[in-house]
Amino acid sequence: MKNLHLFLFILTILTAKAQHKGNFNQKISRANIAGNAIAYGHTTKQKQQNLNPDSTLIIDVRALQNVKASSYTAIFNISQIAETAEATKNLMSLKVENIKKELTKIGLKESDIAIDVISFIPVYEVEVTKKLFSKTYTEVPKGFELQQNIHMQFKKTNQFEKILSACANNEVYNLVKVDYFIKNIAEVYKNLQTQVLQLIKDKKEYYSVLGFDLKEYNVQMADQKYCYFPKDFYNNYQAFNSISFEALKQNKGVTTANKQTSYYYQPLTYENYDIVINPSIIEPVVQVGMEIKLHYNPKPKNDKPEPIVNKETERKYYVISPNGDIDIKELDTK
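Residues numbered from 1 in each chain as written. Predicted model: local features only at pLDDT ≥ 70, side-chain atom pairs only at ≥ 80, totals over all residues. Heavy atoms only, no water.

**Q** Before we go on, may I ask you to explain the packing of aromatic side chains in this structure?
**A** The geometry of an aromatic ring pair is captured by the separation of the ring centres together with the interplanar angle, meaning the angle of the planes. Under the definition given, this model contains nine aromatic pairs. Plain terms: the ring middles of tyrosine 72 and tyrosine 180 are 5.0 Å apart, the flat faces sit at 80° to each other, and that makes the pair edge-to-face. Of the two residues, tyrosine 72 sits in strand β2 (residues 71-82) while tyrosine 180 sits in strand β5 (residues 174-181), which places them 108 residues apart along the sequence. Overall, tyrosine 180 belongs to the buried group, its relative accessible area being 16%. Each ring, one from tyrosine 207 and one from phenylalanine 212, has its centre 6.2 Å from the other, and the planes form 90°; the classification is edge-to-face. The buried category is assigned to tyrosine 207, whose relative accessible area is 15%. Through a chain of ring-to-ring contacts, three or more aromatic side chains come together here, namely Tyr72, Phe154, Phe160 and Tyr180. (Phe/Tyr/Trp six-rings, centres within 6.5 Å; stacked < 30°, edge-to-face > 60°. Helix = DSSP H or I, 4+ residues; strand = E, 2+ residues; numbered from the N terminus. Buried < 20%, exposed > 50% of the residue type's maximum accessible area, 1.4 Å probe, protein only.)

Shown next, in the form of structure tokens:
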């Protein structure tokens, strides 16, 4: 009994130690936290830069604002074929009208939907004619193909799932793209400018406290602004491993299957920014940025002594008459 109690005591200590230690060395936990895209991809290691003092003072301020779009436009491509032009047109019109009816049920207006006709062309097939000593290949018309793009504008992200359902119910699956729009981007840039100028003012005061008088420096300036949309920030990756379930059904050895390509939204990271407005996001956003860089170079000092200017002595000449007259006249040599 004593041995049993001792064994249980040691087991309790080991278990408690493992719980306090946590999953620090467990690779699967690190993979779950970091995500498959990072765990099985190439990660960038951060390295602290060495400071190199310089006589040039640099004020580099970067600001970023995450802006939720005020409206979105989804574009779907629709392709329809039929044996005659009239039949092709009627089938396309029926499909579009059915989509519009479903979209109006989720709050979209008639003005939020637009049709862009891409092409309306005849479709040909090659007909082979066999002869005694040869074959001939002739193109003959077999029908018509009509392609249209349907543009749908919406303001709430949860409406997009219903738009997908409306299109899928009518056999439209080709999503071309989704555009993001900001109602007044000038206000966003103005807000960024205000934040950047305040930070520049604070940094100037910081240099003043360190003993630098910026009036003794020549300044050079460069600035830029930019706007990035979510469509430019989707990365892809493949899972580290995948297993075929067909092997389990057939009671055979486990075989690897083709790895699925996955996509994820990777916006601009914040490590290079001094100001980030609305940093916490849960959906793709428009990222608007601004950067101002100032270079302060010391003004050249004038240490040379002032040059000595030799002033010529102004001379005057007089002529005395030979007869000894006292009247003396000045001689004008100019």
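**Q** What exactly am I supposed to notice about the sheet that holds strand β1 (residues 57-67) here?
**A** Strand pairing in a sheet relies on backbone hydrogen bonds. The paired strands run either parallel or antiparallel. A sheet is described by the order of its strands in space; here four strands give the open sequence β6-β10-β1-β9, paired in mixed fashion. With partners counted over all chains shown, the strands left at the sheet margins are β6 (217-228) and β9 (275-277), one partner each. Sheet twist, expressed as the average angle between the axes of neighbouring strands with direction ignored, equals 10°. Strand direction decides the pairing type here: β6 and strand β10 (residues 286-298), joined by twelve bridges, are antiparallel. Counted as the bridge partner of cysteine 227 is valine 288 from β10. Of the strands in this sheet, β1, β6, β9 and β10 touch helix α6 (residues 185-209), which is tilted by about 150° from β1. (Pairing = 2+ DSSP bridges. Axes fitted to C-alpha atoms, helices over the stretch in contact; angles between N-to-C directions. Contact = heavy atoms within 4.5 Å.)

**Q** Explain the side chain of asparagine 77 to me, please; I cannot follow it from the model alone.
**A** Relative to the helices and strands, asparagine 77 resides in strand β2. Among the residues examined, asparagine 77 registers a relative accessible area of 15% and is labelled buried. A distance of 3.4 Å separates polar atoms of two side chains, one belonging to asparagine 77 and the other to glutamine 147. In this structure asparagine 77 touches Gln147, Gln148, Asn149, Val172, Asn174 and Val176, once residues within four positions along its chain are discounted. (Polar contact = N/O pair within 3.5 Å; in protein donor to acceptor, adjacent residues only side chain to side chain.)

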